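An overview of the molecular structure
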Amino acid sequence: MNIEASGGWRMVVRPLAASPTWSGTASGVGADVLLIPRSAADSTRVAFDHRGKGKFTVQAIGSDSATLISQEGDYTGEMVLPRGTVVVVIDTNGVWTFSRD
């Protein structure tokens, strides 16, 4: 790992198994990793809402990994999780919600 920064930074490393399991709704402030149960991994329609300035990125990791959202600022939208998604990675400094649509 190589990190270059001009200011302070923080990195947290934890086992993937320690991540919360998504129950159909989740919310938070800042970055998070959510485990997706098998029952939701087959083409589940979901909604995201993000409030904040700066980058908002959501990645679905699994057999068909994909970047679902990559933009700056506020976001509200719906989409289908790719089939086989087992983890959703949310990268932001803002406030977000992630729910089953």
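The following refers to the structure shown. Just so we're clear, the structure is a prediction, and the values are computed from it rather than from any experiment. (Residues numbered from 1 in each chain as written. Predicted model: local features only at pLDDT ≥ 70, side-chain atom pairs only at ≥ 80, totals over all residues. Heavy atoms only, no water.)

Overview of the sheet that holds strand β6 (residues 75–80)
One open sheet holds the 4 strands; their spatial order is β1-β8-β3-β6, and the pairing between them is antiparallel. Since the sheet does not close on itself, it has two edges, and those belong to β1 (25–29) and β6, each with one partner. Neighbour to neighbour, the strand axes of the sheet diverge by 10° on average, direction disregarded. Sheet topology places strand β3 (residues 45–51) next to β6; 6 bridges connect them, and they run antiparallel. (Pairing = 2+ DSSP bridges. Helix = DSSP H or I, 4+ residues; strand = E, 2+ residues; numbered from the N terminus. Axes fitted to C-alpha atoms, helices over the stretch in contact; angles between N-to-C directions.)

Quick look at the pairing of strand β5 (residues 66–72)
Where strand β4 (residues 55–62) lies against β5, 6 bridges are found, and the strand directions are antiparallel. The residue bridging F56 from the neighbouring strand is Q71, located in β5. The antiparallel hairpin formed by β4 and β5 contains 3 residues in its connecting segment.

Notes on the sheet that holds strand β7 (residues 85–92)
Read across the open sheet, the 4 strands follow the order β2-β7-β4-β5; overall the sheet is antiparallel. Taken across any chain shown, the strands that pair with only one partner, and hence form the sheet edges, are β2 (32–35) and β5. On average, each strand axis in the sheet is inclined to that of its neighbour by 10°, with strand direction left out of account. Across 7 bridges, β4 lies against β7 in antiparallel orientation. Residue pairing for β7: A60 is matched across the bridge by V88.

Remarks on the pairing of strand β8 (residues 95–100)
Both β1 and β8 contribute to a ladder of 5 bridges, which runs antiparallel. Bridge pairing links S27 to T97 in β8. As judged from the 6 bridges shared by β3 and β8, these two strands associate in the antiparallel manner. Looking across to β8, one finds that F48 is bridged to F98.

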